[in-house]
Amino acid sequence: MHSTHFTDSKPESGLHFDFADETSLLNWAGKLASCLHAGMTIHLSGTLGAGKTTLTRGILHGLGHTHHVRSPTYNLVEIYKISRLYLYHFDFYRFNDRYEWEEAGFREYFNPDSICIVEWPEKAGDLLPTADIQIFLEIVDSGRRLVIRAGTDTGNQCLEKLKNQIHM
Ligand SMILES: Nc1ncnc2c1ncn2[C@@H]1O[C@H](COP(=O)(O)OP(=O)(O)OP(=O)(O)O)[C@@H](O)[C@H]1O
Ligand SMILES: [Mg+2]
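Residues numbered from 1 in each chain as written. Chains lettered and ligands numbered in written order. Predicted model: local features only at pLDDT ≥ 70, side-chain atom pairs only at ≥ 80, totals over all residues.

> Honestly, the overall build of the protein in this entry has me stumped. Any pointers?
If you tally the helices and strands in the protein, you get 4 helices and 7 strands. For the protein, the sequential pattern of α-helices and β-strands runs β-α-β-α-β-β-α-β-β-β-α. On C-alpha atoms alone, the protein measures out to a radius of gyration of 15 Å, which is about the 15 Å that the 2.2 N^0.38 rule sets for 168 residues. Along the longest, intermediate and shortest principal axes, the C-alpha atoms of the protein span 45 × 35 × 30 Å. (Helix = DSSP H or I, 4+ residues; strand = E, 2+ residues; numbered from the N terminus. Rg over C-alpha atoms; globule rule 2.2 N^0.38 Å.)

Set out below in structure tokens:
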């Protein structure tokens, strides 16, 4: 893939990618989408504007969603149904407390029939199930640097598929 490169650097023990522009990140997200399946949880970390929602948009489009993708910042969650798959896109930036979690019934969203993508997982702390995949985004000049890491066996299988997808 041009404009993306991979270095198997050890410190964070993940796969690293650099994206010069939004289009290259969206293309990559489409490839990641083809490695995901129901039951998975993905955590997205990075500062405001790092590209978490953009990445989610790329995943949704890759899964076949053709409509608008908006940031769930104010609702905490946006719900998508793509044929039989449910995708829940959370943004816990404005998350306050456990009560809110229980009240909204978020626990049930994490189930074998859904993919959950979570922005600002740090804000929900230990309430969240273990992430199969953790993605860290960082702004570097006018581009973005991404690190992707597996947290479970399912996540590891996903990363193996991703490596094949992008011919590493
Ligand atoms: N290489 C790139 N990849 C992704 N986004 C980029 C890139 N270059 C520039 N951008 C821009 O950066 C912004 C990323 O915004 P986005 O809403 O995706 O960030 P976010 O991480 O979800 O922020 P927040 O924490 O506020 O929800 C967009 O305006 C996008 O156009
Ligand atoms: Mg966002």
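> What is the right way to read the sheet that holds strand S2 (residues 41-45) from this model?
The strands making up a sheet associate through backbone hydrogen bonding, with each pair oriented either parallel or antiparallel. Across the sheet, which stays open at both edges, the 7 strands sit in the order S1-S7-S6-S2-S5-S4-S3 with mixed pairing between neighbours. In the strand order of this sheet, the two ends are held by strand S1 (15-19) and strand S3 (77-82), each with one partner. Averaged over all pairs of adjacent strands, the angle between strand axes in this sheet comes to 15°, irrespective of strand direction. Relative to strand S6 (residues 133-140), S2 is paired through 4 bridges, and the arrangement is parallel. For Ser45, the partnering residue across the bridge sits in S6 and is Phe136. (Pairing = 2+ DSSP bridges. Axes fitted to C-alpha atoms, helices over the stretch in contact; angles between N-to-C directions.)

> In this structure, what is going on with the site of ligand 1? I would like to understand it.
Of all residues adjacent to ligand 1, which total 19 residues, the nearest are Leu25, Gly51, Lys52, Thr53 and Thr54. Among the elements of the structure, helix H1 (22-33), helix H2 (52-63) and strand S7 (143-150) are those that each provide at least two residues to the shell around ligand 1. At 3 residues, H2 tops the list of elements feeding residues into the shell around ligand 1. Considered class by class, the residues forming the shell around ligand 1 number 5 nonpolar, 8 polar and 6 charged. (Near = placed C-beta within 6 Å. Nonpolar A, V, L, I, M, F, W, Y, C, P; charged D, E, K, R; others polar.)

> Could you clarify how one ought to interpret H2 in this entry?
For H2, with 12 residues, the first-to-last C-alpha span of 17 Å sits near the 16 Å given by 1.5 Å per residue. Listed as buried for H2 are Lys52, Thr53, Leu55, Thr56, Arg57, Gly58, Ile59 and Leu60. Among the structural elements, H1, S2, S3, strand S4 (85-91), strand S5 (114-119) and S6 are those in contact with the buried residues of H2. In the segment just after H2, Gly64 is the residue with positive phi, at about 110°. (Expected span 1.5 Å × (residues − 1). Buried ≥ 20, exposed ≤ 12 C-beta atoms within 10 Å, placed from the backbone. Contact = placed C-beta atoms within 7 Å.)

> How should the nonpolar core be read in this particular structure?
Inside soluble globular proteins, nonpolar side chains tend to come together where they are buried. Core analysis: the biggest nonpolar cluster contains 35 residues, and Ile42, Leu44, Leu55, Ile117, Val118, Ile133 and Ile135 have the highest contact counts within it. Sequence-distant contacts of Ile133, that is, excluding residues within four places in its chain, are made with Met40, Ile42, Ile148, Ala150, Gly151, Gly155 and Cys158. (Core = buried A, V, L, I, M, F, W, Y, C linked by C-beta atoms within 7 Å.)

> Quick question: what am I supposed to make of the environment of Ile42 here?
When you line up the elements, Ile42 lands in strand S2. What makes Ile42 buried here is the crowd of 25 C-beta atoms within 10 Å. Linking Ile42 and Glu119, residues 77 residues apart in sequence, is a C-alpha distance of 8.8 Å. Aside from chain neighbours lying at most four places away, what touches Ile42 is Ile117, Val118, Ala131, Asp132, Ile133 and Ile135.

> What is the right way to read the pairing of S6 from this model?
When a strand is regular, its side chains alternate between the sheet's two faces. Two elements, S6 and S7, share 8 bridges in a ladder whose sense is antiparallel. What sits directly across from Glu138, in S7, is Arg145. With antiparallel pairing between neighbouring strands as the criterion, S6 and S7 make up a hairpin whose turn holds 2 residues, including Asp141 at a positive phi of roughly 50°.

> When you look at helix H4 (residues 153-165) in this model, what are you seeing that I'm missing?
Every α-helix carries 3.6 residues per turn, so stepping three or four residues along brings you back to the same face. With 13 residues, H4 extends 18 Å from end C-alpha to end C-alpha; this agrees with the ideal 18 Å at 1.5 Å per step. Against H1, S6 and S7 lie the buried residues of H4. Following H4 by one or two positions, His167 adopts a phi angle in the positive range, close to 50°.

> I tried to follow the pairing of S4 on my own but got confused; where do I start?
One ladder, built from 6 bridges, connects S3 with S4; its direction is antiparallel. In the strand pairing of S4, Val77 is matched with Phe90. The antiparallel pairing of S3 with S4 creates a hairpin that spans 2 residues between the two strands, and Ser83 there sits at a positive phi of about 45°. Pairing between S4 and S5: 6 bridges, direction parallel.

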